[in-house]
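Examining the three-dimensional arrangement
These are the residues of each chain, in order.
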Amino acid sequence: MTTPQDNAGIKIMVIDDSSTIRRSAEIFLGQAGYQVVLAEDGFDALAKMNDHKPSLIFCDILMPRLDGYQTCALIKKSAKFHATPVVMLSSKDGLFDRARGAMVGSDAYLTKPFTKDSLLKTVSEHTAQALSK
């Protein structure tokens with residue numbers, strides 16, 4: 001069992017245009033000891049990535065300006081961040097959305113609204129993979 005102190009060096013970025021989703025993720029991840037970086041959309045996220053170097057990124061699909069698919073594709077094309085796990089967030093749980101996310105390089109898919117347990121389970125799966133590489 002990991003403690004919040006074990007997670008303190010892990011930064012997680014949450015990209016979502018919903019302040020409610022960003023705040024929920026920030027509370028759940030913060031309580032587990034993770035450092036959290038919030039972004040309102042893809043452009044905001046791309047501007048913050050170099051400064052914060054997240055270990056894992058949660059990215060909403062439906063966002064203004066730059067949607068989640070475009071944001072994920074840009075992250076995965078980046079020499080610096082191509083290996084960073086990206087988990088797509090969506091209120092739709094369709095096969096098409098999952099397939100399209102996989103096509104742009106996403107590592108997983110989490111349906112909103114997520115629970116604290118499902119969010120933390122996804123984080124532990126993908127940070128363990130990232131740390132073992």
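Within each chain, residue numbers correspond to sequence positions counted from 1 in written order. This being a predicted model, a pLDDT of at least 70 is required before a residue's local features are given, and a value of 80 or more before pairs of side-chain atoms are given or counted; all residues contribute to the totals for chains, interfaces and linings. Heavy atoms throughout the structure, all of them, feed into the side-chain values; hydrogens and water do not.

1. Some details on the pairing of strand 5 (residues 108-111)
- We call two strands paired when DSSP finds no fewer than two bridges between them. We count a stretch as a helix when DSSP gives it H or I for four or more residues in a row; a strand needs E for two or more, and each element gets its number in order from the N terminus. Strand direction decides the pairing type here: strand 4 (residues 86-90) and strand 5, joined by four bridges, are parallel. By the bridge assignment for strand 5, valine 87 is matched with alanine 108.
- Regarding the hand of the β-α-β motif, the stretch spanning strand 4, helix 4 (residues 95-103) and strand 5 is right-handed. By convention a crossover is right-handed if, when the strands point away from the viewer, the path from the first strand over the helix to the second runs clockwise.

2. What to know about the sheet that holds strand 1 (residues 11-15)
- Pairing in this open sheet of five strands is parallel, and the strands run 2-1-3-4-5 from one edge to the other. Edge positions in the open sheet fall to strand 2 (35-39) and strand 5, since each of these has one partner strand only. Averaged over all adjacent pairs, the angle separating strand axes in this sheet is 20°, with direction ignored.
- Taken together, the five bridges between strand 1 and strand 2 define a ladder with parallel strand orientation. Paired with isoleucine 12 across the two strands is valine 36, which belongs to strand 2.
- Sheet strands in contact with helix 3 (residues 68-77) are strand 1, strand 3 (56-60) and strand 4, and its direction is about 180° off that of strand 4. Only the stretch in contact is used when fitting a helix axis, every axis being a line fitted to C-alpha atoms; angles between N-to-C directions are given from 0 to 180 degrees. The contact definition used throughout considers only heavy atoms, calling two residues in contact when any of these lie within 4.5 Å.

3. Topic: the pattern of salt bridges
- Whenever a carboxyl oxygen of Asp or Glu lies within 4 Å of a side-chain nitrogen of Lys or Arg, that contact is scored as a salt bridge. Under the counting rule described, the total for this entry stands at seven salt bridges.
- A network of salt bridges, in which partner residues are shared, links Asp16, Asp60 and Lys112.

4. A few points about the side chain of threonine 71
- By the secondary structure assignment, threonine 71 is in helix 3.
- If we skip the residues at most four places from it in the chain, threonine 71 touches Ile15, Gly42, Cys59, Met63 and Leu66.

5. Thoughts on the packing of aromatic side chains
- Note on aromatic contacts: the rings of Phe and Tyr and the six-membered ring of Trp form a pair at centre separations within 6.5 Å, being stacked when their planes are under 30 degrees apart, edge-to-face when over 60 apart, and tilted otherwise. Within this structure, the stated rule accounts for one aromatic pair.
- On the basis of an interplanar angle of 70° and a centroid distance of 6.4 Å, the ring pair of phenylalanine 28 and phenylalanine 114 is categorised as edge-to-face. Of this pair, phenylalanine 28 sits in helix 1 (residues 19-31) while phenylalanine 114 sits in the loop between strand 5 and helix 5 (116-132), placing them 86 residues apart in sequence.
- Exposure remark for phenylalanine 114: the relative accessible area of 10% places this residue in the buried category. Relative accessible area decides the class of each residue, using a 1.4 Å probe on protein chains only: under 20% of the type maximum gives buried, over 50% gives exposed, and in between gives partly exposed.

6. Some thoughts on the environment of aspartate 41
- Relative to the assigned elements, aspartate 41 resides in the loop between strand 2 and helix 2 (42-52).
- Overall, aspartate 41 belongs to the buried group, its relative accessible area being 9%.
- In sequence terms aspartate 41 and aspartate 17 are 24 residues apart; their C-alpha atoms lie 5.8 Å from each other.
- If we ignore the near neighbours within four places in the chain, the residues touching aspartate 41 are Ile15, Met63, Pro64 and Arg65.
- Polar contacts here mean pairs of N or O atoms no more than 3.5 Å apart (in protein, one a potential hydrogen donor and the other a potential acceptor; neighbouring residues in sequence count only if both atoms are side-chain atoms). In terms of polar contacts, aspartate 41 uses its side chain to reach the backbone amide nitrogen of phenylalanine 43, at 3.0 Å.

7. Considerations on the side chain of aspartate 41
- Only 2.8 Å separates the side chain of aspartate 41 from the backbone nitrogen of aspartate 44, close enough to count as a polar contact.
- Within the local environment of aspartate 41, its side chain forms a polar contact with the side chain of arginine 65, the two groups lying 3.0 Å apart.

8. A closer look at the pairing of strand 1
- The buried fraction of strand 1 is high, at four of five residues.
- In this view, the connection linking strand 1 to its parallel neighbour strand 2 by way of helix 1 has right-handed handedness.
- Looking at chain direction, strand 1 and strand 3 are connected through four bridges and run parallel. Opposite isoleucine 15, over in strand 3, you have cysteine 59 as the bridge partner.

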